[in-house]
Amino acid sequence: MAFQSKKLINDPNDVVTEFIEGLIETYPGLQYLDGFPEVKVVLRADVFGEKYDKVAVISGGGSGHEPAHAGFVGEGMLTAAICGDVFTSPNVDSIVAGIRAVTGPMGCLLIVKNYTGDRLNFGLAAEQAKSEGYKVEMVIVGDDCALPPPRGIAGRRGLAGTILVHKVAGAAAACGLPLADVAAEAKRASEMVGTMGVALSVCTLPGQVTSDRLGPGKMELGLGIHGEPGAAVADLQPVDVVVSHVLKEILSSETNYVPITRGSRVVLLINGLGATPLMELMIIAGKAVPGLQLEHGLAVDRVYTGSLMTSLDMAGFSISVMKADQAILDRLDAPTKAPNWPVGADGNRPPAKIPVPLPPPHSIQSDKTLSRPEKLSSLGHILEAAIEAAATEVVNLRDNLNEWDSKVGDGDCGSTMFRGAVTILEDMKKYYPLNDPAETVNEIGSSIRRVMGGTSGILYDIFCKAAYAKLKADSELVVTALHWADALEAAIAAVSKYGGARAGYRTLLDALIPALSALKERLSAGDNPVDAFVISAEAAVAGAESTKNMQAQAGRSTYIPGDVLASIPDPGAMAAAAWYRAAALAIKEKYNTA
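Fair warning: this is a prediction, and the values are worked out from it, not measured in the lab. (Residues numbered from 1 in each chain as written. Predicted model: local features only at pLDDT ≥ 70, side-chain atom pairs only at ≥ 80, totals over all residues. Heavy atoms only, no water.)

Let us now look at the overall build of the protein chain. Within the protein chain one finds 18 helices and 15 strands. Taken against the 2.2 N^0.38 rule, which gives 25 Å for 594 residues, the C-alpha radius of gyration of the protein chain at 25 Å falls within 12% of a compact globule. Over its C-alpha atoms, taken along the principal directions, the protein chain stretches across nearly 80 × 60 × 50 Å. Taking all 594 residues of the protein chain together, 54% fall into the buried category. In the protein chain, once contacts between residues fewer than 6 apart in sequence are set aside, the share between residues at least 24 apart is 75%. As presented, the protein chain carries roughly 25,000 Å² of accessible surface, and 54% of it is formed by carbon and sulfur atoms. Side chains of the protein chain give 52 positive and 67 negative charges; the mean places of these two sets differ by 2 Å. (Helix = DSSP H or I, 4+ residues; strand = E, 2+ residues; numbered from the N terminus. Rg over C-alpha atoms; globule rule 2.2 N^0.38 Å. Buried < 20%, exposed > 50% of the residue type's maximum accessible area, 1.4 Å probe, protein only. Contact = heavy atoms within 4.5 Å. Areas by Shrake-Rupley, 256 points an atom, 1.4 Å probe, with all protein chains shown as cover. Lys, Arg positive; Asp, Glu negative; His and termini not counted. Charge placed at Lys NZ, Arg CZ, Asp CG, Glu CD.)

Shown next as structure tokens:
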């Protein structure tokens, strides 16, 4: 029977901000940005962004996993932690604020657990920061070993093994290594670790009713850290049996998730999920060490035990096993002041909070930039015609997109795209600096971010941000057709990088990738740029139509039977092809009448 759980809280909506306030009072080496409730960032009190002479290591995600991630902020580990609401990815503005607060000339590394929301929000924040002049790298950790190789692009979830990656990266950064080397060490560490979780109860979100998904005498194997169902539900077994099963899953030669074989040296992390007594965690550790040694022939060099990445009040544990060599052991053994590694911090108490940093002066746009020019150049007129045609086409396509999406998704693709297109048409009349193509593309992204929700909104924002950065870097006075092609290529690469999709995954990229290929081919052959653009638009339409023959590997369509998908094109791809073709035809007409 479901029941209201007991929590020592005030307003359920304030639990994260009040947690941060208590954390700062407890550990004087930490501060937070004064941006509650939207900006929830914990950072080292001794780091000042523009003056910091080492690589900043930043992580974060949804709250509810305490002490992860804020409890691992400190010298030798994380420089800042970005806190989302409970089990919710932090927003882009919060992540960008954290980057600005702690990142100096050496740049920053973002360590992100492999969940779609985290990847997209941290990815867009990375692109925003890059456009402001910061050096940013991102490493995604997916250490889950519970599920078979997944269908589509979701991949392995990020679990408690991420903490070991934090420590390796933090120690490397503390040594003064450059960003590329810190990122390489973090990536290598992420590839060496595997994790699996076991739950005896379901967690309860603040202010909500406890689920009765797990009955008496049952345990759940291979669950995630957000309370999502695991790989299997089984009868509760003695801890010896459970530990043996978990170790076999992590070290399975069939899935080959971790490069660990007999004779390897390893590090063991026993992690409590929130409501597991230390006594039980120590029992698990006491069984896991000899299991690794005797059953699997491994040398256990380090053992860490404690509740480090929890799932609110869930009863259960996870085991992480990391392949170790002397280099990794040196990083794990390096000193840190992160309070929950668990090394306490000392020193004088600084102010508890500091202001949210503003963008650097060079990235703040002037009023003139954010207004429509009084007189448009010839290029400005062409750009206006292209944008107007593209947005109008999306407006007219709303009902068709919704109809397609009702059969292969959640039915709102047309409405979502419609909101973005209408806002673009309105904003173009007031704000777009149409004589400056790069800044215009950036403003289109801003319009989209403001009104388009869901995955499509953030993907198009990433698309615009990456295109803007490429145009800004490559063209000073005149934007040529080759510049536009390079910008399209950069935008496609960014969407693929952060969204995970590639050609053939039944997404908008199946329209844009053929368009890019055709555009570059025709430009290389010396075709007139306008003709090349029109030809590439036909390739986009053909690519979108071809999605009828593709098995979805991204988004909600992944769960739709193949025979249903065979009759319906991907709505996102059709939308992309439509606006691309409309823009190309508008440009052609503009040139023909000039």
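What follows deals with the sheet that holds strand S6 (residues 108–113). The strand order across the open sheet formed by seven strands is S7-S6-S4-S5-S3-S2-S15, and the pairing between neighbours is mixed. In this open sheet, the two strands that pair with only one neighbour each are strand S7 (136–141) and strand S15 (353–354). As paired strands, S6 and S7 are joined by six bridges and run parallel to one another. The residue bridging Ile-111 from the neighbouring strand is Val-139, located in S7. On top of the sheet, helix H4 (residues 161–174) reaches strand S4 (56–63), S6 and S7; it is set at about 175° to S6, its chief contact. Each of S4, S6 and S7 is contacted by helix H5 (residues 179–190), which is oriented at about 5° to S7, the strand it contacts most. (Pairing = 2+ DSSP bridges. Axes fitted to C-alpha atoms, helices over the stretch in contact; angles between N-to-C directions.)

Cis geometry is adopted by the peptide bond preceding Pro-67, which originates at Glu-66 and carries an omega value of 15°. In this structure, Pro-67 sits in the loop between S4 and strand S5 (80–86). Of note, the bond from Ala-68 into His-69 is cis; its omega dihedral lies within 30 degrees of zero at 5°. Mapping His-69 onto the fold places it in the loop between S4 and S5. Even without being a glycine, Phe-87 presents a positive backbone phi close to 60°. Among the secondary structure elements, Phe-87 is positioned in the loop between S5 and helix H2 (92–102). The buried category is assigned to Phe-87, whose relative accessible area is 18%.

Judged by nonpolar contacts, the single largest core of 101 residues is most densely connected at Leu-110, Trp-579 and Tyr-580. It is helix H18 (residues 571–593) that provides the largest number of residues to this core, a total of eleven residues. Core analysis: the next-biggest nonpolar cluster, separate from the first, contains 60 residues, Val-15, Ala-160, Ala-183 and Tyr-304 among them. (Core = buried A, V, L, I, M, F, W, Y, C linked by side-chain atoms within 4.5 Å.)

Taken as a whole, this structure holds seven aromatic pairs when the rule is applied. Geometrically, the ring pair formed by Tyr-32 and Phe-36 is stacked, given 4.7 Å between the ring centres and 0° between the ring planes. An angle of 75° between the planes, with centres 6.3 Å apart, marks the rings of Phe-463 and Trp-579 as edge-to-face. Taken together, the positions of Phe-463 in helix H13 (residues 454–474) and Trp-579 in helix H18 put the pair 116 residues apart, joining distant regions of the chain. We note that Phe-463, like Trp-579, is buried. (Phe/Tyr/Trp six-rings, centres within 6.5 Å; stacked < 30°, edge-to-face > 60°.)

What follows concerns the side chain of Gln-31. Relative to the elements of secondary structure, Gln-31 occurs in strand S2 (residues 30–33). Residues within four places of Gln-31 in sequence aside, it is in contact with Ile-24, Val-41, Val-42, Leu-43, Arg-44, Ala-45, Pro-350, Pro-351, Ala-352 and Ile-354.

Further remarks concern the sheet that holds strand S14 (residues 316–324). Judged by pairing direction, the sheet is mixed, and its six strands sit side by side in the order S11-S10-S8-S14-S12-S13 without closing on themselves. Two strands lie at the open edges of the sheet, namely strand S11 (232–235) and strand S13 (299–306), each paired on one side alone. The average angle at which neighbouring strand axes cross in this sheet is 20°, direction not considered. Pairing between strand S10 (residues 218–221) and S11: four bridges, direction antiparallel. Paired with Leu-221 across the strands is Ala-232, a residue of S11. Across the sheet, helix H6 (residues 239–250) is in contact with strand S8 (193–199), S10 and S14; its angle to S8 comes to roughly 145°. On the sheet, helix H7 (residues 278–295) packs against strand S12 (265–272), S13 and S14 and is oriented at approximately 160° with respect to S12.

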